[in-house]
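An overview of the molecular structure
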Amino acid sequence: MATDTGRLTAAAVRIHGLTRSYGERVILDALDLEIPAGEFVALLGQSGSGKSTLLRALAGLDYDVAGTGRVEVPEQVSVVFQDARLLPWQRVLDNVILGLDGAEAKGRASLAEVGLGGRERAWPNELSGGEQQRVALARSLVREPRLLLADEPFGALDALTRLKMHALLRRLYEQHRPAVLLVTHDVDEAIALADRILVLTHGRIAAEQRLDGGRTHSEIRSELLRALGVRGETR
Amino acid sequence: MLLATPPDTLVQARARRSLRPGRPLRLGFLYGPLLLVAAWAAGSATGLLDPRFLSAPWTVVTTTGELIANGRLQDNLASSVQRVGLGLAFGIPAGTLLALASGLSRWGEALIDGPVQIKRAVPALALMPLLILWLGIGEGMKITVIALGVVVPIYIHTHNGLRSIDGRYVELAETVELSRAAFIRKVVLPGALPGFLLGMRFAVTTAWLFLVVAELINSTSGIGYMMDLARTYGQTDVILVGIVLYGLLGLFSDAAVRLVERRALSWRRTLAG
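Residues numbered from 1 in each chain as written. Chains lettered and ligands numbered in written order. Predicted model: local features only at pLDDT ≥ 70, side-chain atom pairs only at ≥ 80, totals over all residues.

**Notes on the overall build of chain A**
Tallying secondary structure elements over chain A gives 7 helices and 9 strands in all. Whereas a compact globule of 235 residues would reach a radius of gyration of roughly 18 Å, chain A reaches 18 Å, a difference of no more than 12%. Projected onto its principal axes, the C-alpha positions of chain A cover 45 × 40 × 40 Å. Here chain A holds 235 residues, and the buried ones make up 41% of them. Long-range contacts, defined here as pairs at least 24 residues apart, represent 72% of the contacts in chain A between residues at least 6 apart. (Helix = DSSP H or I, 4+ residues; strand = E, 2+ residues; numbered from the N terminus. Rg over C-alpha atoms; globule rule 2.2 N^0.38 Å. Buried ≥ 20, exposed ≤ 12 C-beta atoms within 10 Å, placed from the backbone. Contact = placed C-beta atoms within 7 Å.)

Put into structure tokens, the structure is as follows:
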């Protein structure tokens, strides 16, 4: 995998020879990947391509899966799931600072940052889907992660809310500068958010695109779609 | 010539028939029992119910007045309430701790779940002879019978509530690196609370049930003792006072638990809420 050692020195993620399989089926096949600190990477792939398995390996949530390889991640990793995954019996603020002692002020600031100042005492059930996902973002950012893992975080939201969330995530990313690995199956979402886009096919990284202004978005888009095996797509 | 098509007719929009149970009734839990009392009063007034078999409600009321006047009711009620209170005080924590130990570790489950299920299958009355041999016929035996009866529903429902906590919340706890203590406090206990409270509702009624068993067999005080004495003298009115009292105590303890339930689970939005 091409690594960009000139621009950013420290790596936030270093994966070498990562193999994961469920029974006979190989999900990740000797995968190598390096993400520099502060880079926003989107990982595209079809269902079953191993996106979520890779993310779970980085999150340390694959203790019950057989496999080999080396994974290095920073001390502070935050995860945003597809569902907001808020504890329904904890108020919004308590969800944000879950497991952090004496972090109330930081939690409030974090909620204000995602535009939910004043909703600290609400129950998660009282919020809309988009608001719940914003609380989840606040919960991950209040931990000041050096790596933010996001597993299709906007997949369950409607199109308009998703666009607003894109803007919010990009703004939060620019303010806090964690390395981000965003798993998605939405090519446009990847182009809108990421600096670098990877396509995962059969457990290996099959294509890579950098959004550094060299080519137009539609060129990048059609190349990504080709890598994903989508042909004759008109939209 | 074209046939004129009839214009689309519009109908007045109506409110849809709601499929929810409807708005909560004020003191709704009293309606059924009141209907039962009304039927009883009607039966007595028309002479359908022979007072030798079942005294009229008003006789029960006057007898209650007499029992209160000579202090027997209060004394016996106090003994009974104390037994139930102590039985619950030992049974609830024991059931909860067993459920936690069994729900949080495979070893705990292997060691605890079997014996509790066996205890559940054995009728409480079958344990009485053994308990009397071990503990005598004093208060200790009665409280133990009640506590053992309470442990079962608390354990079963708390354990079930605990086991049905969404695995995704456990995953979340792992990613935010909750300590084991914080995990139990923030995820396990609140997650198991609905089950625990359901167990509480069974436990309070069970406690009164086992109290009767314990008091009818050998006592010198308590509502059960008062009823057993009334049986020897053929006083159906006193027996009825006891039955109504047991019923009311059971009903109000259940209502108390439900009140706690509504407060403690205010985060839930359900069909009934």
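Continuing now.
**Observations regarding the domain arrangement of chain A**
Residues and elements named next belong to chain A. Here chain A is described as being made up of domain 1 (1–76 + 145–235) and domain 2 (86–144). Using C-alpha coordinates to define each centre, domain 1 is positioned 26 Å away from domain 2. Across the boundary between the two partners, domain 1 contributes 12 residues, which contact 11 residues of domain 2. By residue number, the principal contributor to the side of domain 1 that touches domain 2 is helix H5 (residues 159–176), which donates 6 residues. The class makeup of the residues in the side of domain 1 that touches domain 2 is 9 nonpolar, 3 polar and no charged. (Domains from an automatic or database assignment. Nonpolar A, V, L, I, M, F, W, Y, C, P; charged D, E, K, R; others polar.)

**Quick word on unusual backbone geometry**
All names here are of chain A. In this structure, Glu144 takes a positive phi of about 45° despite not being glycine. Considering the arrangement of structural elements, one finds Glu144 in the loop between helix H4 (129–141) and strand S6 (147–151). The phi dihedral of Glu152 falls on the positive side, at around 45°, and the residue is not glycine. Positionally, Glu152 belongs in the loop between S6 and H5.

**Some details on the UniProt feature "domain: ABC transporter" (unreviewed entry) in chain A**
UniProt feature "domain: ABC transporter" (unreviewed entry): in the numbering of this structure it lies at residues 13–227 of chain A. With 34% helix and 29% strand, residues 13–227 of chain A has its two end C-alpha atoms placed 24 Å apart. (UniProt positions renumbered as here; feature names shortened; annotations may be inferred.)

**Structural notes on the interface of chain A and chain B**
How large an interface is tends to be reported as the accessible area lost when its parts come together. On the side of chain B, 15 residues touch chain A, which itself brings 12 residues to the contact. Here the residues of the side of chain A that touches chain B sort into 8 nonpolar, 3 polar and 1 charged.

**Re the packing of helix H6 (residues 139–163) of chain B against helix H8 (residues 180–217) of chain B**
Residues and elements named next belong to chain B. Interhelical geometry of H6 versus H8 gives an angle of 155° and a closest axis separation of 7 Å. The orientation of H6 with respect to H8, classified from their angle, is roughly antiparallel. H8 is crossed by H6, and the crossing has right-handed handedness. In terms of residue class, the contact of H6 with H8 is made up of 19 nonpolar, 9 polar and 1 charged. (Axes fitted to C-alpha atoms, helices over the stretch in contact; angles between N-to-C directions. Parallel < 35°, antiparallel > 145°, perpendicular 65-115°, else oblique. Left-handed = near helix turned anticlockwise from the far one by under 90°.)

**Digging into the UniProt feature "transmembrane region" (unreviewed entry) in chain B**
The residues that UniProt annotates with the feature "transmembrane region" (unreviewed entry) are residues 27–49, 84–101, 121–137, 143–162 and 238–260 of chain B. With 100% helix and 0% strand, the stretch residues 238–260 of chain B has end C-alpha atoms that lie 33 Å from each other.

**Remarks on the nonpolar core**
All names here are of chain A. Val13, Leu43, Leu44, Leu149 and Leu181 are the most contacted members of the largest nonpolar core, which has 65 residues in total. Mapped onto the domain boundaries, this core takes at least three residues apiece from domain 1 (1–76 + 145–235) and domain 2 (86–144). When sequence neighbours within four positions are dropped, the list of residues in contact with Leu149 reads Leu55, Leu58, Ala59, Val77, Val79 and Leu181. (Core = buried A, V, L, I, M, F, W, Y, C linked by C-beta atoms within 7 Å.)

**Describing the packing of helix H3 (residues 72–104) of chain B against H8 of chain B**
All names here are of chain B. Two elements in contact, H3 and H8, have axes separated by 10 Å at closest approach and are oriented at 135°. The angle between H3 and H8 falls in the class oblique. Both H3 and H8 take part in a crossing whose hand is right-handed. Taking contact as the criterion, the partners of Ser80, Arg83, Val84, Gly87, Leu88, Gly91, Ile92 and Thr96 in H3 are, on H8, Phe196, Ala203, Ala207, Trp208, Leu211 and Glu215. Looking at the contact of H3 with H8 residue by residue, the class counts come to 8 nonpolar, 4 polar and 2 charged.

**Re the pairing of strand S5 (residues 77–80) of chain A**
Residues and elements named next belong to chain A. On S5, burial covers both faces: Val77 and Val79 on one face and Ser78 and Val80 on the other are all buried. Here S5 runs beside S6; their pairing, made up of 4 bridges, is parallel. If you follow Val80 over to S6, its bridge partner there is Ala150. (Pairing = 2+ DSSP bridges.)

**Some remarks on the sheet that holds strand S1 (residues 11–22) of chain A**
Residue and element names in this part refer to chain A. The strand order across the open sheet built from 3 strands is S2-S1-S4, with neighbouring strands paired in antiparallel fashion. Two strands bound the open sheet, and with one partner strand each, they are strand S2 (25–36) and strand S4 (66–72). Direction aside, neighbouring strands of the sheet carry axes that sit 0° apart on average.

**Some remarks on the confidence of the model for chain B**
In this model, chain B carries a mean pLDDT of 87, and residues with pLDDT of at least 70 account for 96%. The complex prediction reports pTM at 0.77, with the ipTM value standing at 0.85. (pLDDT = per-residue confidence, 0-100.)

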